[in-house]
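# Report on the structure
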Amino acid sequence: MERRLGNALGILTILSAILYSLFFSLERKQFPELLFLYTLLFAAFIGCCYVANKSTQQDFKLLPSFLGRWFYGSSLVGGLFFIGLILRLLLLNNTPHLSQDFFRFIWDGHQLLNGFNPYLHLPNDVIQSGANHIPNATLLHASMGELSSGHYTNYPPLNQLFFTAAAWLGGDNTLANVIWMRVFIILADLFIFIYGIKLLRLLGKPMWLIALYYLNPFTIIELTGNLHWEGMMALFLLMSIYYLLIYKKWYSMLFMSYAILLKLLPVIVLPLLFRKLNFKKALIYYVAVALVIALGFAPFISQNLIDNYTASVGLWFGNFEFNGSVYYLVRYIGYEITGYNIVQTAGKILPLITLIIITLISLKRRNEQPKVLLSSIVLAFFTYLLFSTTVHPWYLTIPLLFSVFTSYRFMLVWSFTIFLSYYAYSNDGFIENGWLIFLEYAVVLLMLIFDLRKGKTTIVKQQSIAD
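Not measured: the values here are computed from a predicted model.

Calculation criteria
- Position labels on residues start from 1 in each chain and follow its written sequence.
- Restriction of local features to residues with pLDDT of at least 70 applies here, the model being predicted, together with a cutoff of 80 or more for giving and counting side-chain atom pairs; totals for whole chains, interfaces and linings are based on all residues.
- As a rule here, side-chain values come from all non-hydrogen atoms in the structure, and water together with hydrogens is ignored.
- Secondary structure elements are taken from DSSP: a helix is a run of H or I of four residues or more, a strand is a run of E of two residues or more, and numbering for both begins at the N terminus.
- Atoms considered for the radius of gyration are the C-alpha atoms alone. The globule rule reads 2.2 Å times the number of residues to the power 0.38.
- Any two residues having at least one pair of non-hydrogen atoms within 4.5 Å are treated as being in contact.
- Each accessible area is a Shrake-Rupley estimate made with a 1.4 Å probe; only the visible protein chains count as cover when residues are assessed.
- Per-residue accessibility, obtained with a 1.4 Å probe over protein chains only, is compared with the maximum for each type, and a residue is labelled buried under 20%, exposed over 50%, and partly exposed between these values.
- In protein, a polar contact means a hydrogen-donor-capable atom and an acceptor-capable atom, both N or O and within 3.5 Å, with residues adjacent in sequence counting only if both atoms are side-chain atoms; elsewhere, any N or O pair within 3.5 Å suffices.
- Put simply, a nonpolar core is a bunch of buried Ala, Val, Leu, Ile, Met, Phe, Trp, Tyr and Cys residues held in one set by side-chain atoms that sit within 4.5 Å of each other.
- Between Lys or Arg on one side and Asp or Glu on the other, a salt bridge is scored when a side-chain nitrogen of the former is within 4 Å of a carboxyl oxygen of the latter.

What follows covers the overall build of the protein. The helix and strand inventory of the protein stands at 22 helices and zero strands. Against the 2.2 N^0.38 benchmark of 23 Å for 467 residues, the protein shows a C-alpha radius of gyration of 22 Å, consistent with a compact globule. Judged by the C-alpha coordinates and their principal axes, the protein covers about 70 × 50 × 50 Å. A separation of at least 24 residues holds for 74% of the contacts in the protein among residues at least 6 apart in sequence. For the protein, the computed accessible surface area is about 20900 Å², with 66% contributed by carbon and sulfur atoms.

This is the structure in structure tokens:
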């Protein structure tokens, strides 16, 4: 049995490497082929998790003992670390093909590297002035798409710093810029693995569970492959929560600030910490986070920045729509009643509903308990996504990561079904398929119901044993 599991892990790793090579050789318009390969990758990933779980339960030694030297003596965990690293390095010099956002990342990086405030200049205006300071400016401008080139950047200062570092290291070579950004993103995932097993040990959970995030095809494709920075944001947030749970609140505050300075979304977590910190400490924590964020924005600050940045962020709530769930139902009802798209109205009301629900999660749940706090983070982000007008695949990164530390597995299911949203890119009009979106969310909601029922059953059993 032990030898068979070891052979299975090796075969699944080799198969995954081949499948990733095939996956990234296709164009995003080839949706059926991409979905087929993604399904195979997910099956191989589930197989690896089965092997890890089985070998942990039976205390099998599948891999050489030296692999566990830096992983608390667990050669299996060390092996999972290096398997994930190898699969990511195979993609090192690939150009992202499911997303074109990286062209804007490179553009912003060279803007800041050459002393131009990226928050004050539209790419359309810069290209008209010649853009001599940006290498390959014509290619970058044409490739980023009209939506990006016609709007001010909405990436916070710490994200801009990484863009600039990649531009400095990569120079005039676009592929070199891509590679350096990918190196940063891979490093973030490696540290997520390390801090993930620290947190799992703190909670008394099996260390191999971090593989649910680390080896997940969703994570490898969307972050390493497509160069989305949600992984870096997730790392800082994970470190913040870990340090909070081991009572190093100032470290926690700093990394929370870094997470928000990389992407704004981690502000969702702040109210969840209220019961954990209590009123006085929470107030100090919030003020300190606000000061660090203000310092991060200080070098760029101006009235134009405030106007441009808030306008760009506001567009995501009031104008854009992609892969929505509750919003699409509201939009349909709105069409039936008014005869036109009510995105701007819904984009103002749905965030208020989200705020109310997250406030209730913050005040009603016992978030002073680590396991409850971690589950609240998952539920809060799920609520945000459920009521959003736009849900791109990479938005799932944080709730997927934090679900690893809970008993919830609906985010694992969503990391598979979210790929159905890529159907929209298979046609020239970017037209979504309503049935596929229904299938995506229906399966996830059914799994959520199962998770919640299972959780209630577990609590009842624990109470019965205690009695």
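Turning our attention to the environment of Gln-369. Structurally, the position occupied by Gln-369 is in the loop between helix 18 (343-364) and helix 19 (370-386). A relative accessible area of 33% means that Gln-369 is categorised as partly exposed. Considering only alpha carbons, one finds Gln-369 and Arg-275, 94 residues apart in sequence, at a separation of 9.2 Å.

Attention now moves to unusual backbone geometry. Across the chain, the bulk of peptide bonds are trans and the bulk of non-glycine residues have phi less than zero. The residue Leu-227 is not glycine, and still its phi comes out positive at about 60°. Located in the positive-phi region is Asn-278, a residue other than glycine, with phi close to 70°. The residue Asn-278 is located in the loop between helix 14 (274-277) and helix 15 (279-297) in this model.

Among the secondary structure elements, His-110 is positioned in helix 4 (residues 101-113). Here His-110 falls in the buried class, since its relative accessible area comes to 3%. Distance in space between the C-alpha atoms of His-110 and Ala-165 is 9.3 Å, their sequence separation being 55 residues. Side-chain polar atoms of His-110 contact the side chain of Asn-177, separated by 3.2 Å.

Counting 161 residues, the largest nonpolar core has Phe-23, Trp-229, Phe-402, Phe-405 and Trp-414 as the members making the most contacts within it. With 14 residues, the single largest contributor to this core is helix 9 (residues 174-203).

Per the stated rule, a full pass over the model turns up nine salt bridges. When salt bridges that share partners are traced, they join Arg-275, Arg-366 and Glu-368 into one network.

Locating Ile-349 in the fold gives a position in helix 18. Separated by 38 residues in the primary sequence, Ile-349 and Phe-387 have C-alpha atoms spaced 9.6 Å apart.

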